[in-house]
Amino acid sequence: MIKTGIFGGSFNPIHNGHIQLARQLREAAGLDEVWLMVSPQNPLKEQAGLLADDLRLQMARQALADEPFIEVSDYEFRLPRPSYTWNTLQALKSDFPDREFVLLIGGDNWERFSRWYRADDIVSNYQIIVYPRRGSDIDLTSLPPTVSVVEAELLDISSTDIRRRVSRRQPITGLVPDSIIDAVIANYSH
């Protein structure tokens with residue numbers, strides 16, 4: 001059974017923090033691989049300023065071209081929208097019976113997890129790895145048995161800040177992989 005972590009997000013744009021976190025979570029959780037699931041639409045997020053799906057996917061693939069255990073996935077692009085994690089996990093389980101899927105989420109998402117579609121079913125049927133996020137408060141004493149917290153070094157980088165820097169013509173070197181700097185500037189400088 002291949003143990004595959006699902007790390008979802010809009011990746012608008014993908015940055016070095018995402019990549020470093022995926023590497024750390026793979027190691028800390030004992031995963032064989034991590035699939036960065038580029039989400040076409042997050043039901044809990046505002047869609048304004050979201051770059052086209054194919055452009056975000058293309059930049060993520062370019063950024064991770066040389067990353068051995070992290071794969072960029074457009075799997076959710078073929079599923080009904082909005083993208084609900086339960087539906088994605090169930091479809092993945094059906095399409096890839098040789099894999100055990102583990103959900104990777106930030107502490108901020110864990111704090112509002114009860115609002116997720118079929119949250120109880122996710123907790124009952126899948127392992128969830130939670131990584132702390134700045135400002136999130138995780139009560140370790142009340143976690144269900146399928147949920148565990150791993151410590152990860154968080155790089156202080158955000159997609160919002162990168163988009164803001166590009167709009168102000170400020171440098172983004174070191175924030176995103178060098179291989180996508182030009183694409184990020186071209187796509188977010190309007």
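An account of the accompanying structure is given in this report. It should be emphasised that the depicted structure is a prediction, and the values quoted were computed from it without experimental measurement. Position numbers for residues start from 1 in each chain and track the written sequence from start to end. Since the coordinates come from a predicted model, pLDDT governs what is reported: local features require at least 70, and pairs of side-chain atoms require 80 or more to be given and counted, while whole-chain, interface and lining totals use all residues. Side-chain metrics in this entry use all non-hydrogen atoms of the structure; hydrogen atoms and water are not considered.

## Topic: the nonpolar core
- One finds F7, I14, L36, L104, I162, I172 and V184 to be the most contacted residues of the largest nonpolar core, which totals 36 residues.
- For this core, the elements supplying multiple residues, two or more each, are α1 (16-28), β2 (33-38), α2 (53-63), β3 (70-73), β4 (99-106), β5 (127-131), α6 (159-167) and α7 (181-188).
- The criterion used for residue contact is that any of the two residues' heavy atoms lie within 4.5 Å. Setting aside its immediate chain neighbours within four residues, I172 contacts I162, R165, V166, I181, V184 and I185. By convention a nonpolar core is built from buried Ala, Val, Leu, Ile, Met, Phe, Trp, Tyr and Cys residues, the set being connected through side-chain atoms within 4.5 Å. Each residue's exposure class comes from its accessible area (1.4 Å probe, protein chains only) as a fraction of the maximum for that residue type: buried when under 20%, exposed when over 50%, partly exposed otherwise. Numbering of helices and strands starts at the N terminus; helices are DSSP runs of H or I of at least 4 residues and strands are runs of E of at least 2.

## Considering the pairing of β5
- Within β5, four of the five residues are buried, leaving the element largely enclosed by the surrounding structure.
- Direction of pairing for β4 relative to β5: parallel, over a ladder of five bridges. For I105, the partnering residue across the bridge sits in β5 and is V130.
- Sheet topology places β5 next to strand β6 (residues 147-149); three bridges connect them, and they run parallel. Bridge pairing in β6 links I128 to V147. Pairing between two strands requires that DSSP report at least two bridges joining them.

## Some remarks on the side chain of T4
- Among the secondary structure elements, T4 is positioned in strand β1 (residues 2-9).
- A relative accessible area of 0% places T4 in the buried class.
- Counting of polar contacts relies on pairs of N or O atoms within 3.5 Å, with two restrictions inside protein: one atom must be capable of donating a hydrogen and the other of accepting it, and residues adjacent in sequence are counted only when both atoms are side-chain atoms. Within the structure, the side chain of T4 is placed 3.4 Å from the side chain of R99, a separation counted as a polar contact.
- Those residues in contact with T4, other than ones at most four positions away along the chain, are E33, W35, R99, E100, F101 and V102.

## With respect to the packing of α2 against α7
- The convention used is that axes are lines fitted to C-alpha atoms, helices contributing only their stretch in contact, and that angles between N-to-C directions extend from 0 to 180 degrees. Two numbers describe how α2 lies on α7: the axes approach to 10 Å, and their chain directions differ by 165 degrees. What the angle tells us is that α2 and α7 run roughly antiparallel. Crossing geometry of α2 relative to α7 is assigned as left-handed. Contacts from L55, R56 and M59 in α2 reach A183, V184, N187 and Y188 in α7.
- Classification convention: Asp, Glu, Lys, Arg as charged; Ala, Val, Leu, Ile, Met, Phe, Trp, Tyr, Cys, Pro as nonpolar; all other residues, Gly among them, as polar. Grouping the constituent residues of the contact of α2 with α7 by class yields five nonpolar, one polar and one charged. Our angle categories are set so that under 35 degrees counts as roughly parallel, over 145 as roughly antiparallel, 65 to 115 as roughly perpendicular, and the remainder as oblique. Crossing handedness: left-handed means the near helix sits turned counterclockwise from the far one by under a right angle, and right-handed means the same turn made clockwise.

## As for empty space enclosed by the protein
- Buriedness of a pocket was judged along seven lines, with at least five required to meet protein on both sides within 12 Å; pockets are open sets of points on a 1 Å grid over the protein atoms alone, cavities are sets where a 1.4 Å probe fits but cannot get out, and lining residues have an atom within 4 Å of a point. Grid points are joined across faces, edges and corners, and a volume is the space filled by probe spheres set on the points. Inspection of every chain in the model, using the stated rule, returns one cavity of 30 Å³ or more.
- The volume enclosed by the largest cavity comes to roughly 30 Å³.
- Lining the largest cavity, in full, are E76, L79, P80, S83, Y84, N87 and T88.
- Among the residues forming the lining of the largest cavity, the class breakdown is three nonpolar, three polar and one charged.

## Section: the environment of D137
- In this fold, D137 is placed in the loop between β5 and β6.
- On a C-alpha basis, the gap between D137 and G107 in space is 7.1 Å, while along the polypeptide they are 30 residues apart.

## Section: the sheet that holds β5
- Taken together, six strands build an open sheet; the order of strands is β3-β2-β1-β4-β5-β6 and the sheet is parallel. In this open sheet, the two edge strands, each paired with only one partner strand, are β3 and β6. Each adjacent strand pair in this sheet contributes to an overall mean axis angle of 30 degrees, direction not counted.
- Contacts from α1 reach β1, β2, β3, β4 and β5, with the element oriented near 145 degrees to β2.
- Helix-sheet contacts for helix α3 (residues 85-95) involve β1, β2 and β4, and the interaxial angle to β4 is about 160 degrees.

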